[in-house]
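# Examination of the molecular architecture
Residue-level listing of the chains:
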Amino acid sequence: MSRTIKNHGREGLAVETLFSIDQIESQHLSQVGEQALQLSVFAQKGFPVLPSVVLSATRFRNFLQTIHWIEPMFADLPYSSLRLNLEDTQQLQSIARQIRQTIQHAEIPESWILEIQSAIAQFPDLGSPSAVILRPSIAFESDSFLSQELSDLIEPQICDIEINPLAIALKQLWAELFRARTLVYWQGAKIELQQIQFAVVIQPIASAIVSGSLQGAPPNWEVTADRAGGSTARDL
């Protein structure tokens, strides 16, 4: 799959907003993040990598700029140097909750989700996946270690590929950057919001071949497997 979608920024310059994994090169780091760049390196070396599309960090910036922030202290959030008192846990949790709720209730342009759906539909060899997983891919200007640590704090999201579930999962993933524990990390490391390049890796989740259950107690276990067309049970 080779796909690039371009968006025109404030100065009219074309900016890539979606990358397929085989398009990514080292100069794209600030747009796709460390994790996506590493996936691309593995793919180019012939290692098996799931089909992936990367939503550029530009979209995260675009989204924050569209939000109507009711609380005055967040009005310039995309451009401000957010500074919090990490010793005041009650205030920290309150601010984290306000930011996340505002993000989760904001509207994402439907055209953005349609672009993602179109890219997902081009995943090779998997037909039309019914679900996808959204993972963070973070970049800083000079520290790949910090980007990995921050990514590890952000919970991936799994969702259907319909418009509403995709939009909800994407907002939830972005909102994770402002969870209290995550704020403590990047505020404690004296990282400013403008330094965080937050891209999203989107990968398909294939339908399960079989599902089932495990019952019993050692040493007598029974595995029940359900397939289309019937069930089978086996003692272990």
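I will try to describe carefully the structure that is included in this document. Please read all numbers here as calculations on a predicted model, not as lab measurements.

### Let's talk about the pairing of strand E6 (residues 197-205)
Taken across its nine residues, E6 has seven buried, putting it largely inside the fold. Where strand E4 (residues 131-139) lies against E6, nine bridges are found, and the strand directions are antiparallel. Note on E6: the bridge partner recorded for Leu134 is Ile202.

### Quick look at the packing of aromatic side chains
In the structure shown here, the tally under the stated rule is five aromatic pairs. The interplanar angle of 45° and the centroid separation of 5.8 Å between the aromatic rings of Phe60 and Trp174 together place this pair among those described as tilted. One end of the pair, Phe60, is in helix H2 (residues 57-66); the other, Trp174, is in helix H6 (residues 163-175), and 114 residues separate them in sequence.

### Regarding the side chain of His28
Residue position: His28 is located in the loop between strand E2 (14-20) and helix H1 (29-44). Residues within four places of His28 in sequence aside, it is in contact with Phe19 and Gln23.

### Focus on the pattern of salt bridges
Inspection of every chain in the model, using the stated rule, returns three salt bridges. When the shortest N-O distance is used, the salt bridge between Glu115 and Arg59 registers 3.2 Å. Linking Glu115 in helix H4 (residues 110-120) with Arg59 in helix H2, this pair joins segments that are 56 residues apart in sequence. Note on Glu115: relative accessible area 19%, which makes it buried. Among the residues examined, Arg59 registers a relative accessible area of 3% and is labelled buried.

### Some words on the nonpolar core
Counting residues in each nonpolar core, the largest one holds 52 residues, and the members touching the most others are Trp174, Leu177, Phe178 and Trp186. In terms of residues, this core owes the most to one element, H6, which gives seven residues. Apart from residues lying up to four places away in sequence, Trp174 is in contact with Leu55, Arg59, Phe60, Phe63, Ile108, Trp112, Phe198 and Val200. By size, the runner-up hydrophobic cluster in this structure holds nine residues, among which are Ile24, Val32, Ala199 and Val201.

### Details of the pairing of E4
Consecutive side chains of a regular strand alternate in pointing toward one face of the sheet and then the other. When you tally the buried positions in E4, you get eight out of nine residues, the bulk of the element. Where E4 meets strand E5 (residues 157-160), four bridges bridge the pair, whose relative direction is antiparallel. Bridging from a neighbouring strand, Ala131 pairs with Asp160 of E5.

### Observations concerning the environment of Met73
By the secondary structure assignment, Met73 is in the loop between H2 and helix H3 (89-105). Counting along the chain gives 22 residues from Met73 to Ile95, while the straight-line C-alpha distance between them is 9.9 Å.

### Quick notes on the environment of Val32
Along the chain, the position of Val32 falls in helix H1. Sequence spacing of Val32 and Ser137 is 105 residues, and the spatial spacing of their C-alpha atoms is 6.6 Å. Each residue touching Val32, except ones within four places of it in the same chain, is listed here: Phe19, Ile24, Leu37, Val54, Ser137 and Ala199.

### Quick notes on the packing of H3 against helix H7 (residues 180-188)
Two numbers describe a pair of packed helices, the interaxial angle and the distance between the axes. Packing of H3 against H7 leaves a shortest axis separation of 9 Å and a crossing angle of 110°. As the angle between them shows, H3 and H7 are arranged roughly perpendicular. Two secondary-structure elements touch here, H3 through Leu92, Gln93 and Ala96 and H7 through Ala180, Leu183 and Val184. Looking at the contact of H3 with H7 residue by residue, the classes come out as five nonpolar, one polar and no charged.

### Comments concerning unusual backbone geometry
The residue Lys190 is not glycine, and still its phi comes out positive at about 60°. Relative to the assigned elements, Lys190 resides in the loop between H7 and E6. The class of Lys190 is exposed, set by a relative accessible area of 66%.

### Examining H1
Relative to the 22 Å expected for 16 residues at 1.5 Å per residue, H1 spans just 16 Å between its end C-alpha atoms, considerably shorter than the ideal helical length. At Gln35, H1 shows its maximal kink, close to 75°. Within the sequence span of H1, burial applies to Gln31, Val32, Gly33, Glu34, Gln35, Ala36, Leu37 and Ser40. Once H1 finishes, Gly46 follows within two positions and takes phi at roughly 90°, a positive value.

Procedures and definitions
- Residues numbered from 1 in each chain as written.
- Predicted model: local features only at pLDDT ≥ 70, side-chain atom pairs only at ≥ 80, totals over all residues.
- Heavy atoms only, no water.
- Buried < 20%, exposed > 50% of the residue type's maximum accessible area, 1.4 Å probe, protein only.
- Helix = DSSP H or I, 4+ residues; strand = E, 2+ residues; numbered from the N terminus.
- Pairing = 2+ DSSP bridges.
- Phe/Tyr/Trp six-rings, centres within 6.5 Å; stacked < 30°, edge-to-face > 60°.
- Contact = heavy atoms within 4.5 Å.
- Salt bridge = Lys/Arg side-chain N within 4 Å of Asp/Glu carboxyl O.
- Core = buried A, V, L, I, M, F, W, Y, C linked by side-chain atoms within 4.5 Å.
- Axes fitted to C-alpha atoms, helices over the stretch in contact; angles between N-to-C directions.
- Parallel < 35°, antiparallel > 145°, perpendicular 65-115°, else oblique.
- Nonpolar A, V, L, I, M, F, W, Y, C, P; charged D, E, K, R; others polar.
- Expected span 1.5 Å × (residues − 1).
- Bend = angle between axes of the 7 residues up to and from the residue.

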